[in-house]
Amino acid sequence: MNDGASSSRRGGCGETVLIDHGQLRSSCGYCRSSSYTSISHGLWAQSIKANDYQDLLDRGWRRSGCFLYKPEMESTCCPPYTIRLNACDFVPSREQVRVQKKMQRFVEGTLNPRKLHQFQEVGFTECNINSCNNESLAITSSGISSGKSLSGKIEKKFNEDEFLQVLANLVNNAISACIDRGDFPSIKFPTAVVKKVKFQAKRKLTEDLLYTSNIPFQIAASLKRPQSAQGKNSPSQLNNPIQNGGSLDVTPNIIAEMLSSSIKLDDTPFGLLVKACNGHLNFCSSTEHSEYSDLVSNTVACTQTFGGVRGKDKESCSTESSANIPLKKKKLEIRMKRSCFDPVEFALYKRYQIKVHGDLPDKVTESSYRRFLVDTPIIFVPPSGTKSTKSVPPCGFGSFHQQYVIDGKLVAVGVVDILPRCLSSKYLFWDPDLAFLSLGKYSALQEINWVKNSHAHHPSLQYYYLGYYIHSCNKMRYKAAYRPSELLCPLRHEWVPFDIARPLLDKKSYVVLSDFKTQHHQSSPNDTSSYPDYNGSNRTSRDEKSEAGILNEHEDIKSEAKDSGEPLRNELMLFNVGNILIDLQGSRLRFKVYGAIDKRFIKELELQLERFVGVVGNDLSGRLIYSLG
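Draft legend 1. Up close: the overall build of the protein chain. If you tally the helices and strands in the protein chain, you get 13 helices and 24 strands. The proportion of buried residues among the 629 residues of the protein chain is 52%. Partitioning the intrachain contacts of the protein chain with sequence separation of at least 6 by distance along the chain shows that 70% fall at a separation of at least 24. Accessible surface computed for the protein chain: about 28800 Å², of which carbon and sulfur atoms make up 50%.

Draft legend 2. Up close: the sheet that holds strand β19 (residues 485-488). One open sheet accounts for 8 strands, arranged β14-β15-β16-β17-β18-β5-β19-β20; its pairing is mixed. Unpaired on one side and paired on the other, β14 (332-338) and β20 (495-497) mark the two borders of the sheet. Within the sheet, the average angular offset between the axes of one strand and its neighbour, ignoring direction, is 35°. By the bridge criterion, 9 bridges tie strand β15 (residues 398-406) to strand β16 (residues 409-418) in an arrangement that is antiparallel. The residue bridging S399 from the neighbouring strand is D417, located in β16. Lying over the sheet, helix α8 (residues 343-356) contacts β14, β15, β16 and β17 (422-430), oriented at roughly 70° with respect to β17. Along the sheet, helix α10 (residues 439-457) makes contact with β5 (81-86), β14, β15, β16, β17 and β18 (463-469), crossing β17 at roughly 155°.

Draft legend 3. Spotlight on the packing of aromatic side chains. Enumeration over the complete set of coordinates arrives at 20 aromatic pairs. Look at W44 and F67: their rings are 4.7 Å apart centre to centre, the planes differ by 65°, and that puts the pair in the edge-to-face class. Residue W44 is found in strand β2 (residues 38-47), and its partner F67 is found in strand β4 (residues 67-71); the two are separated by 23 residues along the sequence. Here Y352 and Y427 contribute two aromatic rings whose centre-to-centre distance is 6.5 Å and whose plane-to-plane angle is 85°, an arrangement assigned as edge-to-face. Residue Y352 is located in helix α8, and its partner Y427 is located in strand β17; the two are separated by 75 residues in the primary sequence.

Analysis parameters
Residues numbered from 1 in each chain as written. Predicted model: local features only at pLDDT ≥ 70, side-chain atom pairs only at ≥ 80, totals over all residues. Heavy atoms only, no water. Helix = DSSP H or I, 4+ residues; strand = E, 2+ residues; numbered from the N terminus. Buried < 20%, exposed > 50% of the residue type's maximum accessible area, 1.4 Å probe, protein only. Contact = heavy atoms within 4.5 Å. Areas by Shrake-Rupley, 256 points an atom, 1.4 Å probe, with all protein chains shown as cover. Pairing = 2+ DSSP bridges. Axes fitted to C-alpha atoms, helices over the stretch in contact; angles between N-to-C directions. Phe/Tyr/Trp six-rings, centres within 6.5 Å; stacked < 30°, edge-to-face > 60°.

Purely spatial values, then, with no claim about function.
Okay, structure coming up:
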């Protein structure tokens, strides 16, 4: 090699210095393959300029701490495409608008949390019973057949099935109470079943409705069976129609009202309201006993009448306003701070990983957290008030933690990189107790808004990068809901509108998207009817944000520093390894062969350098420093 360009500097300040890690093979976190089918190229970054990392992003690279990786799109099992959004063109969907309004109502103190047991961010179905206003709630859980009564405190956590069984037990106890009072005859009735009301059904009825049971209809049918055996005109029937087998006047409405009056408000978890409505026994959210009762301004109650038959319309339920309940407003702060270790952030991260992702506590360590979300090779560029550096935002360029604080309590942290042309979203972790706020979606909307506001003062900063998009992974499809988005062509590194790429990816996982870039748009970006629903609940923490299937702290990774075959080439690039500035123990060298040198070593190094140029590009390879350690 030629030392004509040598220098005495050792990784000087403000330089991009990379160590080639070669090819990586690991098990895939998306298709759950047992073999090493996820293939990427890796680089360790000692330091990297913000504009250099921006250019690497635009070639399909991402980082995990100080480790950079780029999937080998043609050979990896689940090709991930870099996805971005022009913040100024962003068109929020109705679901995204609802998320913003929900947070606004939460802060203003007017939010009624309707889904107490089902979290929308992930498939997390546990209820934090101990977070109610009452430290313990006494219930009776018994069955009609056993006749036994068990009174005590509700367990701190229920999964979904257990929670529904608790409600079913309350209904069964109410049936037993009606039998004991003589309201119902002493016959065997069906066992009550309580079901969760689907979101689509709630829209048609009332948003406060959470659970329902049709047991009044089954009881009414049971009461009519003895009637046919005794005869309609039995004298005992006329004196007590329900006790003696019922009559045609005994309707599910009357039975539902009897059962609702037998269930005490204090016996229901979270103080759910019990309503008799159209012959159904409904459990609705309450504002006086709910988990966030200080945030609610209205109470929904059911007026109960037991003396007659109600019609089959919605008039059997009425809403009463509790305007006297005082509202408690909250203060939401969003703070941008440079990436550094914060014990409060780590405590929130650990709780999030354990509760949401099911990580084992001993696996969530401070060292792994630092490597993943704190360490960064991006050289910080401070802001400046001079006109010549107008492109630098007030926070500067670099890696940041965007904190979401409510009334002084940290509830979410977004890990982002702010670069010359974009905000790159890396990861988000949040308080599991506030999952109903959809903090993943809300933080994404805030980051988009940050880019949009910054663009007004710094024109070059206009894009929002959401990480990788894998079309075959349902958990990743939510990223396409932020539209109009673009995907990066894996070959020519050109940006292609998502509505062009989507039908192509429906057919095959790897596509040279730029071949179809000039395809006629079938719909405008504002035409939401042409977009599939990618707002589904099957999602991780913007989880988004997490490229765990590409590189995971705890995955077994096989490294191949040497390539047995020819280096990756394409028709667009002519390799020139002589442009590469090599760092060898602090000396800077250009690659050039001369003199008596072992040709095998030279050939091996040349192949390594050619592959490096192939994955970073000719332009970048001339600016980056390739370290040999």
